[in-house]
Amino acid sequence: MLHIQSVSKQFGSKTLFESAEAHLGYRSRAALIGPNGSGKSTLIRLIMGQESADIGVISRGSHLAIGHLPQEVPKFSGRTALAEAMRMDGRREDLLVAKRELEQTLSKDASEASASTLEHYGRVMEELEHLDEYRLESRAKEILSGMGFKPSDFDRPLTQFSGGWLMRVALSRVLLMDPDLLILDEPTNHLDLETLLWLEDFLRAFRGAMLLVSHDTAFLNRIVHEVLEIDQKRLWTYRGNLDSYVLQKEERLQILRSQYESQQTKIAEIESFVARFGAKATKARQAQSRLKQLDRMERIELDEGRETVRFRFPPASHSGKEVVTMKNVSVRYGENVVFRNLNWVIQRGSRVAIVGVNGAGKTTLLKLLSGTFSATEGQVKMGHLVKTGYYAQHQAESLDFSKTVLQELEMTAPEMPVSQVRGIAGAFLFSGDAVEKKCSVLSGGEKARVALAKLLLSPSNFLLLDEPTNHLDPESRAVLLEALQNYTGTLCLVSHDRNFVSPLVDLVLEIVPSDSGSEVHQLIGTYDDYLERKMKEMAQKATAPSETQQKSTTPEAQKRSGPSNNQRIAWARERDNVEGEIGKLEARQAELHELLANTATYDDKVRSMALAEEQRQLELNLGNKLARWEELCNLLSEVGL
């Protein structure tokens, strides 16, 4: 379906990747991973045809339909949520306009209509039928509901929604397209747990191919069975989910380290020989020959390790036993009641996860606790010597874009020496000239790092964090998790990142919306217990087949899409042939593994390098064969073979 062949791309002097190779089949489910700035977004733009490769080719199947969700909020017009979702990629609107114009032409005098006009009208109607035009609205409503929209939201104009809800509209639009290939860039960033679980179920039932970029490891582990990693200017392919990728990569690196050590030993021997005998007439020719051997040698490079964020929160100062006391608190926005008669006491040292659907009031509750928002009724009383640090969900967007990184940090801690501010900036990967970057040109991940640095510059003993992992790469997320695990103050956290929240909290507060205002319940049990309950609830809701699933199993749909007997026989024959080829490749793979694990192999440098290259090519070929075999098995399973 999609082949990336020997693709190289660079910007100025920076090379993103060289000779990249990958294959996506019609049932592929792949994660695209790599640190910020490694080229993930660039590779997606290459696949989409928005940029061109410097070298190499990306070939796509004929009439391949791609649905792409970018990480940034797209620009919308004044449509309603439902109308925007049904617009999909814009092709439907063009078809409807063409349909109306052709029907007007045909209504004047159908007997005089040209053959080309009738043929054109037939093609338009065929495309609309393929889009399932007559059921499109009900399918759109089903997806929007899964995304957390209420029926009353369907006809609301998009200007009334926040950025997070606009991203849900954009995601709904892409899902409704039902494309051959879904490319989703951080689709979980603005989703609550219920919507995230719904999306997981939807994607697991999706019949096309997927390429996903996400920092949510739990999400990827449930969806993908292939990982594409951009690392060391190469595109590496691993079979399995993220957990399997970690094991396979470590195995590959162990082999690479062994090869590197053998090569370094050989290089040292050659250099020692040249140093000893290069000046002697009797050995000069041999020394020159050895030098040429060094020049021809393809040097093995080890991953020197990526520079990562490094920081820890300073010891939290002592506060009163009761950090916050809320008595009979009510919050209203106009006639909309968010909370009514909320009573809650946060004890010193508590580590609380605040959970609930979007719109229930999680962010409002954090704003109440931070003092940035006042209760309509009741009392919010801060405890003795409480110092609050608040990281808002859109904290990164509150930066002064006219200022540099250093200026932004200095404003937060004006009394701190510049050298110390620079040190903290360096801990968040802003060193040298990077501190002079304008905030306006920073990426989403860089803005998030500046916001975290500002939090560190204002020591606190009561941390409030609203979706702190959004836009953070896996390395930065892991460092933040470790820093929070060692934090000695009181913590309240809102996050959809399950693997991030689970090891951090010891108390769960669930906000349940109702018509008279959200109710707040302190749950008995762990965060994992809460997750298990939510997954059971979602499973119960999914017992009845969705309209989309019903559509795909109707006799009419099977009749339209059912393959011929000849096609079935051809698939079965190809599957058997591919199975035989896989067996041969796996046998050779085992032989190569034994050879490359033997240190004696590296005595012959030319042979060892050839074996390593053969292994690389074999793994790529084997991955393609396995993907095709799985694709054929799925096709045959669908037709009962």
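It should be noted that the structure appears before, not after, this text.
Keep in mind the model is a prediction, meaning the values are calculated, not measured.

A.B. asks: Would you mind showing me how to read the overall build of the protein here?
C.D. replies: Broken down by element type, the protein carries 21 helices and 18 strands. Expressed as lengths along the three principal axes of its C-alpha atoms, the size of the protein is roughly 95 × 85 × 45 Å. In the protein, which comprises 641 residues, the proportion classed as buried is 46%. Contacts spanning at least 24 positions in sequence make up 70% of the contacts within the protein whose residues lie at least 6 apart. In the structure as shown, the protein presents an accessible area of about 32300 Å², 49% of it carried by carbon and sulfur atoms. Taking the average place of the 80 positive charges on the side chains of the protein and the average place of its 89 negative ones, the gap between the two points comes to 3 Å.

A.B. asks: Would you mind showing me how to read helix H12 (residues 405–412) here?
C.D. replies: Side chains three or four residues apart in an α-helix point the same way, a direct result of the helix having 3.6 residues per turn. Among all positions in H12, only Val 405, Leu 406, Glu 408 and Leu 409 are buried. In a view along the axis of H12, the buried residues occupy a sector of 160°, so they form one face of it. On its buried face, H12 sits against helix H13 (418–427) and helix H14 (444–457).

A.B. asks: I would appreciate a short explanation of the packing of H12 against H14 in the present structure.
C.D. replies: Helix-helix packing is characterised by the crossing angle of the two axes and by the distance between the axes. At a minimum axis separation of 9 Å, H12 and H14 run at an interaxial angle of 30°. Classified by the interaxial angle, the pair formed by H12 and H14 is roughly parallel. Seen along the crossing, H12 lies across H14 with a hand that is right-handed. Contact residues: H12 offers Val 405, Glu 408, Leu 409 and Thr 412, while H14 offers Val 450, Ala 453, Lys 454 and Leu 457.

A.B. asks: Is there a simple way to think about the sheet that holds strand E3 (residues 29–33) in this case?
C.D. replies: Backbone hydrogen bonds hold the strands of a sheet together, and the pairing may be parallel or antiparallel. The strand order across the open sheet built from six strands is E5-E6-E7-E3-E8-E9, with neighbouring strands paired in mixed fashion. Taken across any chain shown, the strands that pair with only one partner, and hence form the sheet edges, are strand E5 (66–69) and strand E9 (234–239). For this sheet the average axis-to-axis angle between neighbouring strands, irrespective of direction, equals 15°.

A.B. asks: Looking at this structure, how should I read the packing of aromatic side chains?
C.D. replies: For any two aromatic rings, the description comes down to two numbers: the centre-to-centre distance and the angle of the planes. One pass over the structure, following the stated rule, counts nine aromatic pairs. Between Tyr 238 and Tyr 245 the ring centres are 5.1 Å apart and the planes differ by 80°, which places this aromatic pair in the edge-to-face class. Looking at Tyr 238, the relative accessible area reads 4%, which means it is buried. Clustering of aromatic rings is evident, with ring pairs tying together Phe 311, Phe 313, Phe 428 and Tyr 487.

A.B. asks: Got a minute to help me understand the sheet that holds strand E10 (residues 322–333) in this structure?
C.D. replies: One open sheet holds the three strands; their spatial order is E11-E10-E13, and the pairing between them is antiparallel. Looking at the sheet topology across the chains shown, the edges are occupied by strand E11 (336–347) and strand E13 (377–382). Strand after strand, the sheet turns through a mean of 15° between neighbouring axes, direction not considered. Looking at chain direction, E10 and E11 are connected through eight bridges and run antiparallel. By the bridge assignment, Tyr 333 is partnered in E11 with Asn 336.

A.B. asks: Explanation requested: the pattern of salt bridges in the structure shown.
C.D. replies: A pair can form between side chains of opposite charge whenever their charged atoms are brought close. For the structure on display, the rule yields 34 salt bridges. For Arg 498, the salt bridge identified is with Asp 216, shortest N-O distance 3.9 Å. Here Arg 498 is found in helix H16 (residues 498–501), whereas its partner Asp 216 is found in the loop between strand E7 (209–213) and helix H8 (217–223), with 282 residues between them in sequence. Of the two residues, Arg 498 and Asp 216, neither departs from the other in class, the shared state being buried. Note that Lys 454 and Glu 408 form a salt bridge whose closest N and O atoms lie 2.8 Å from each other. Residue Lys 454 is found in helix H14, and its partner Glu 408 is found in helix H12; the two are separated by 46 residues along the sequence. Residue class for Lys 454 comes out buried when judged on its relative accessible area of 15%.

A.B. asks: What should I look at first to understand unusual backbone geometry in this one?
C.D. replies: Most peptide bonds are trans, and most residues other than glycine sit at a negative phi. Residue Asn 341 is not a glycine yet carries a positive backbone phi of 55°. When you line up the elements, Asn 341 lands in strand E11. Even without being glycine, Leu 429 reaches a positive phi, approximately 70°. Inspection of the secondary structure assignment puts Leu 429 in the loop between H13 and H14.

Criteria and thresholds
Residues numbered from 1 in each chain as written. Predicted model: local features only at pLDDT ≥ 70, side-chain atom pairs only at ≥ 80, totals over all residues. Heavy atoms only, no water. Helix = DSSP H or I, 4+ residues; strand = E, 2+ residues; numbered from the N terminus. Buried < 20%, exposed > 50% of the residue type's maximum accessible area, 1.4 Å probe, protein only. Contact = heavy atoms within 4.5 Å. Areas by Shrake-Rupley, 256 points an atom, 1.4 Å probe, with all protein chains shown as cover. Lys, Arg positive; Asp, Glu negative; His and termini not counted. Charge placed at Lys NZ, Arg CZ, Asp CG, Glu CD. Arc of directions from axis to C-beta. Axes fitted to C-alpha atoms, helices over the stretch in contact; angles between N-to-C directions. Parallel < 35°, antiparallel > 145°, perpendicular 65-115°, else oblique. Left-handed = near helix turned anticlockwise from the far one by under 90°. Pairing = 2+ DSSP bridges. Phe/Tyr/Trp six-rings, centres within 6.5 Å; stacked < 30°, edge-to-face > 60°. Salt bridge = Lys/Arg side-chain N within 4 Å of Asp/Glu carboxyl O.

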